[in-house]
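If you want the building blocks of each chain, they are given just below.
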Amino acid sequence: MKVGNQTYLLDNNVYIQSAYSLAGPYEAKGNFREYYDAVMEDDEWKCKSHEMAEIQMQRFVIGECLSRVNVNPMDCDALMGGDLINQIVPTSFSARDFRTPFMGLYNACATFGEALAIGSTLVNGDFEKVVCCTSSHYATAERQYRYPLELGTQPTPESQWTVTGSGAVLLSKKPGDYPMVKGYTIGRVIDFGLSDPNNMGGAMAPAASNTIISHFRDTGRSPDYYDMIITGDLGRFGRETLHYLCKKEGYDLDNLNDCGSLVYSDKQKPGQGGSGAGCCSLVFAAYLYKKLLDKSLKKILFVPTGAMLSKDSALQGESIPGIAHAVIIERED
Amino acid sequence: MEDKQYIDYVHTHAQKSSHITTLIWAFAVGGLICCVGQAFSDIFSAVLPNWEESKIAALVSMTMIFLGSFLTAIGVYDKIGVHAGGGSIVPITGFANSVVSPAMEFNKEGIVLGMMAKMFVVAGPIIVAGTVSSVLTGLIYWIVGLF
């Protein structure tokens with residue numbers, strides 16, 4: 001059911017039946033270390049390249065997510081997801097090992113939000129089971145967007161660290177004591193003209209504020225309807241900026257959090273925090289899902305955020321458009 | 001909020017690098033690299049007293065390039081660079097690092113189209129700028145010499 005301009009509330013129950021998270025070695029020392037389902041002992045994970053490792057990560061996470069609830073990949077109606085690498089190779093290549101109909105998605109780091117929105121719509125309709133998975137890898141992202149790994153550059157204070165990790169969820173019609181996707185607000189691409197690729201939090205914050213404010217206007221809800229509003233990878237500066245932008249519009253987000261700001265511990269200090277398509281899916285599958293299961297969280301607004309730049313667009317002097325999708329995740333009782 | 005206002009907001013509120021810390025680090029590490037180079041120069045001059053100064057200088061450069069490449073290969077140079085910034089980029093060891101790091105990175109795409117083709121993606125602009133400026137300088141000298 002469409003509400004307002006860009007929000008859809010699902011009529012049927014779409015359960016998140018299973019979730020699985022895999023964290024890289026650096027992430028495993030971060031704030032959520034006790035929550036990860038599996039941890040990689042090193043970045044290459046016995047593969048011949050970091051790209052192969054990312055493929056293997058998705059394959060592993062999807063396999064474990066399904067086997068946890070004894071679901072055969074062939075019984076799933078669709079597998080969807082994405083990543084940050086050229087032509088979403090990690091996702092597409094991992095999908096060749098599953099005999100599941102596949103849809104590749106790309107919304108930069110907001111891909112997991114896009115996957116949850118499309119997947120839940122399909123399950124709200126005729127689909128029985130849909131798997132959503134995204135990943136990112138520090139080494140593959142560095143090569144794609146920045147410099148060779150061994151180049152001795154100095155990160156700027158606003159920069160973020162791409163999370164090595166992957167998270168998958170199984171959306172299903174099967175009733176149970178699981179959290180549910182209740183609806184979503186699809187974000188618009190927003191560009192306020194920032195062009196510094198080292199400050200993606202600043203570039204994405206306007207998109208996040210636009211989506212979140214549209215969500216409240218569409219639904220008539222106030223921020224305190226949710227136990228937590230959690231964005232994808234704005235980083236500390238981006239989160240503060242989002243708070244400021246929403247406050248200017250009259251929405252005081254006291255319960256605002258950000259996966260990227262939380263994923264690393266204070267001791268690790270990688271700039272403003274984590275980023276990447278795997279950042280929010282990892283934190284969701286590892287931490288938020290478990291908190292929803294044990295009922296310490298009941299209603300969350302999960303807002304994966306993405307910066308839609310490429311290395312070439314940045315070199316050509318283009319500004320960085322941002323996007324954010326807000327997904328309503330609630331549990332009954 | 002206007003775009004312009006927002007950009008101003010971000011520029012005033014974003015965290016800036018601490019100039020003092022980065023300067024001290026760059027000065028200390030850059031200076032240390034130069035001291036190592038000078039030490040090699042002194043050692044080579046003492047060991048090879050018959051060699052001309054220009055040959056000793058070439059030998060020192062080669063030694064420093066080797067050290068920069070070696071530290072890159074064993075994954076140390078990038079860790080120095082995180083703190084030292086310009087201090088480890090500017091000396092010749094930094095130039096070695098900028099050639100060896102893409103060679104390592106793109107080795108996975110093959111020797112010819114990976115490593116050899118992409119070895120100069122970082123250092124290429126420096127080589128072009130160096131060549132062009134040396135040609136221009138030569139031209140200026142030549143023209144000045146005519147009068």
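Residues numbered from 1 in each chain as written. Chains lettered and ligands numbered in written order. Predicted model: local features only at pLDDT ≥ 70, side-chain atom pairs only at ≥ 80, totals over all residues. Heavy atoms only, no water.

A word on the interface of chain B and chain A. Many structure descriptions define interface size as the accessible area lost when the parts assemble. Each side of the interface is counted separately: chain B has 33 residues, and chain A has 30 residues. Summing both partners gives a buried area of about 2,600 Å² for chain B against chain A, and 59% of it is carried by carbon and sulfur. Inspection of the chain B/chain A interface yields three salt bridges. Joining chain B to chain A, the criterion identifies nine residue pairs in polar contact (both at pLDDT 80 or more). When residues of the side of chain B that touches chain A are traced back to their parent elements, those giving at least two are helix H1 (3–13), helix H4 (77–84), helix H5 (86–89) and helix H6 (92–105) of chain B. (Contact = heavy atoms within 4.5 Å. Buried area = accessible area lost by both parts, 1.4 Å probe. Salt bridge = Lys/Arg side-chain N within 4 Å of Asp/Glu carboxyl O. Polar contact = N/O pair within 3.5 Å; in protein donor to acceptor, adjacent residues only side chain to side chain. Helix = DSSP H or I, 4+ residues; strand = E, 2+ residues; numbered from the N terminus.)

Let us now look at the packing of helix H5 (residues 200–219) of chain A against helix H6 (residues 235–248) of chain A. Residue and element names in this part refer to chain A. One can describe the packing of H5 onto H6 by two numbers: an axis separation of 8 Å at closest approach and a directional angle of 40 degrees. Relative to H6, the element H5 lies oblique. Relative to H6, the crossing made by H5 is right-handed. Of the residues in H6, those in contact with Gly 201, Gly 202, Ala 205, Pro 206, Ala 208, Ser 209, Ile 212 and Ile 213 of H5 are Phe 237, Gly 238, Thr 241, Leu 242, Leu 245 and Cys 246. Its residues assigned to classes, the contact of H5 with H6 comprises nine nonpolar, five polar and no charged. (Axes fitted to C-alpha atoms, helices over the stretch in contact; angles between N-to-C directions. Parallel < 35°, antiparallel > 145°, perpendicular 65-115°, else oblique. Left-handed = near helix turned anticlockwise from the far one by under 90°. Nonpolar A, V, L, I, M, F, W, Y, C, P; charged D, E, K, R; others polar.)

Turning next to the packing of H6 of chain A against H1 of chain B. H1 of chain B packs onto H6 of chain A with a crossing angle of 135 degrees between their chain directions and a minimal axis gap of 12 Å. It follows that H6 of chain A is oblique to H1 of chain B by the angle criterion. Seen from above, H6 of chain A lies across H1 of chain B with right-handed handedness. Here Phe 237, Glu 240, Thr 241, Tyr 244 and Leu 245 of chain A of H6 of chain A lie close against H1 of chain B, whose contacting residues are Tyr 6, Tyr 9, Val 10 and His 13 of chain B.

The next point concerns H4 of chain B. All names here are of chain B. Turning to H4, its buried residues number three or more, namely Tyr 77, Asp 78, Gly 81 and Ala 84. Buried residues along H4 cover an arc of 130 degrees about the axis, so they all sit on one side. Residues of H4 that are buried in the fold lie against helix H2 (19–47), helix H3 (53–73), H5 and H6. Gly 85 lies just past H4 and shows a positive phi near 55 degrees. (Buried < 20%, exposed > 50% of the residue type's maximum accessible area, 1.4 Å probe, protein only. Arc of directions from axis to C-beta.)

Attention now goes to the layout of surface pockets. Residue and element names in this part refer to chain A. Roughly 230 Å³ of volume is contained in the second largest pocket. What lines the second largest pocket is a set of twelve residues, and nearest its centre among them are Phe 192, Ser 209, Asn 210, Ile 213 and Glu 249. Within the residue set of the lining of the second largest pocket, elements represented by two or more residues are H5 and H6. At six residues, H5 tops the list of elements feeding residues into the lining of the second largest pocket. Partitioned by chemical class, the residues of the lining of the second largest pocket number six nonpolar, three polar and three charged. (1 Å grid on protein atoms, 1.4 Å probe; cavity = no way out; pocket = protein on both sides within 12 Å on 5 of 7 lines; lining within 4 Å. Points joined across faces, edges and corners; volume = space filled by probe spheres on them.)

Another point: the side chain of Ser 18 of chain A. Its location among the elements puts Ser 18 of chain A in strand S2 (residues 7–23). Those residues within four positions of Ser 18 of chain A in sequence are excluded, and the remaining contacts are Cys 65, Arg 68, Val 69, Ala 168, Val 169, Leu 170 and Tyr 289 of chain A.

Attention shifts here to the side chain of Asn 255 of chain A. Residue and element names in this part refer to chain A. Mapped onto the elements, Asn 255 comes out in the loop between H6 and strand S11 (256–258). A relative accessible area of 15% means that Asn 255 is categorised as buried. In this structure the side chain of Asn 255 is engaged in a polar contact, spanning 3.0 Å, whose partner is the backbone oxygen of Pro 223. If near-sequence neighbours (up to four positions away) are discounted, Asn 255 is found in contact with Pro 223, Asp 224, Tyr 226, Asp 227, Met 228 and Ile 229.

What follows covers the nonpolar core. Core analysis: the largest hydrophobic core is formed by 44 residues, its most contacted members being Phe 284 and Phe 302 of chain A. The biggest single contributor to this core is helix H8 (residues 277–293) of chain A, with eleven residues. If sequence neighbours within four positions are ignored, Phe 284 of chain A has contacts with Ile 16, Phe 112, Val 169, Tyr 289, Leu 292, Ile 300, Phe 302 and Ile 329 of chain A. Grouped together as the second largest cluster of nonpolar side chains are 36 residues, Ala 208, Leu 253 and Leu 309 of chain A together with Tyr 9 of chain B included. (Core = buried A, V, L, I, M, F, W, Y, C linked by side-chain atoms within 4.5 Å.)

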